[in-house]
Amino acid sequence: MKKKFLKNIEWGILICCIILLIIGCVSLYSATQENNYDELKKQIAWAIVSIPIMLVVIFLDYNIIARFSPIFYGIFIILLIAVLFTPVVNGATSWFKITEGIRLQPSEFAKVFVVIFLAYIMSIIQKNSKNEINRPLKLLAVFSIVLVPVLLIIKQPDYGTAIAFMMATVLMLFVAGIDKRYIIGALLIICIALPLVYNFVLPAHAKTRIDVFLNPNLDPRGSRV
């Protein structure tokens with residue numbers, strides 16, 4: 001049992017996560033000295049809470065999680081709708097207030113369960129033939145699953161998380177063996193849509209972040225982002 005457990009762990013991902021956690025804590029230690037290390041303490045507390053949750057998830061059979069993923073998907077769709085009616089924080093309605101100083105962002109948890117649900121649906125679609133994923137109606141079903149949470153997250157608005165959802169879907173379809181003609185078509189649509197979205201959809205603060213990211217000299221002190 002122990003050997004099987006250790007063998008099934010993705011050690012590369014786990015090590016990268018630990019390194020990122022350490023880097024984050026060091027950065028917060030340096031950046032929060034003036035406010036009694038409040039953010040550092042919060043980060044350490046979340047890490048301590050997350051470790052037992054991680055161990056529980058590792059021990060659970062993935063097939064069990066996948067089987068219940070439609071239920072979790074439905075729950076998080078409800079939460080993504082409910083969070084739209086919460087007070088605005090930093091220009092977005094993305095958080096549930098649990099206690100003073102502790103907020104829950106359902107879109108972060110939705111990332112995990114939407115990906116698992118997508119993988120579950122794709123496995124069903126490709127059960128008889130890998131090429132089934134290229135059928136238009138089945139592709140439409142896949143995109144419909146991810147489109148619902150993406151539209152709700154854009155409504156908050158949280159464009160970064162919405163892009164993460166879309167990128168995850170594209171990469172999953174690529175791994176699933178989607179036909180190259182769809183990839184080429186999608187790239188053409190993206191090339192056409194990007195300038196339109198930038199000029200007519202994105203709010204001013206989102207445009208500013210993109211401009212500063214591409215040209216940091218526009219805001220050398222980080223005061224506008």
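Anything mentioned here points back to the structure above.
Residues numbered from 1 in each chain as written. Predicted model: local features only at pLDDT ≥ 70, side-chain atom pairs only at ≥ 80, totals over all residues. Heavy atoms only, no water.

**Student:** It is not clear to me how the packing of helix α5 (residues 106-125) against helix α7 (residues 159-176) should be interpreted in this structure. Could you clarify?
**Tutor:** Two packed helices can be described by the angle between their axes and the distance between those axes. Running from N to C, α5 and α7 cross one another at 20°; their axes reach a closest spacing of 11 Å. One way to sum up the angle between α5 and α7 is to call them roughly parallel. The handedness of the crossing between α5 and α7 is right-handed. Only Thr161, Ala164, Phe165, Ala168, Thr169, Met172, Leu173 and Ala176 of α7 make contact with α5, whose side of the interface consists of Ser107, Glu108, Ala110, Lys111, Val114, Val115, Leu118, Ala119 and Met122. Split into classes, the residues belonging to the contact of α5 with α7 amount to 12 nonpolar, three polar and two charged. (Axes fitted to C-alpha atoms, helices over the stretch in contact; angles between N-to-C directions. Helix = DSSP H or I, 4+ residues; strand = E, 2+ residues; numbered from the N terminus. Parallel < 35°, antiparallel > 145°, perpendicular 65-115°, else oblique. Left-handed = near helix turned anticlockwise from the far one by under 90°. Contact = heavy atoms within 4.5 Å. Nonpolar A, V, L, I, M, F, W, Y, C, P; charged D, E, K, R; others polar.)

**Student:** Quick question: what am I supposed to make of α7 here?
**Tutor:** It helps to recall that an α-helix has 3.6 residues per turn; residues three or four apart then point in one direction. Helix length check: α7 (18 residues) gives 26 Å between terminal C-alpha atoms against 26 Å at 1.5 Å per residue, within 8%. Among the residues making up α7, those that are buried are Thr161, Ala162, Phe165, Thr169, Met172, Leu173 and Ala176. The buried residues of α7 occupy an angular sector of 115° when the element is viewed end-on, so they sit on one face. In α7, the exposed residues that point more than 90 degrees away from the buried face are Leu171, Phe174 and Val175. Those residues of α7 hidden inside the fold are in contact with α5 and α6 (136-155). Backbone geometry just downstream of α7 places glycine 177 in the positive-phi region, at approximately 95°. (Expected span 1.5 Å × (residues − 1). Buried < 20%, exposed > 50% of the residue type's maximum accessible area, 1.4 Å probe, protein only. Arc of directions from axis to C-beta.)

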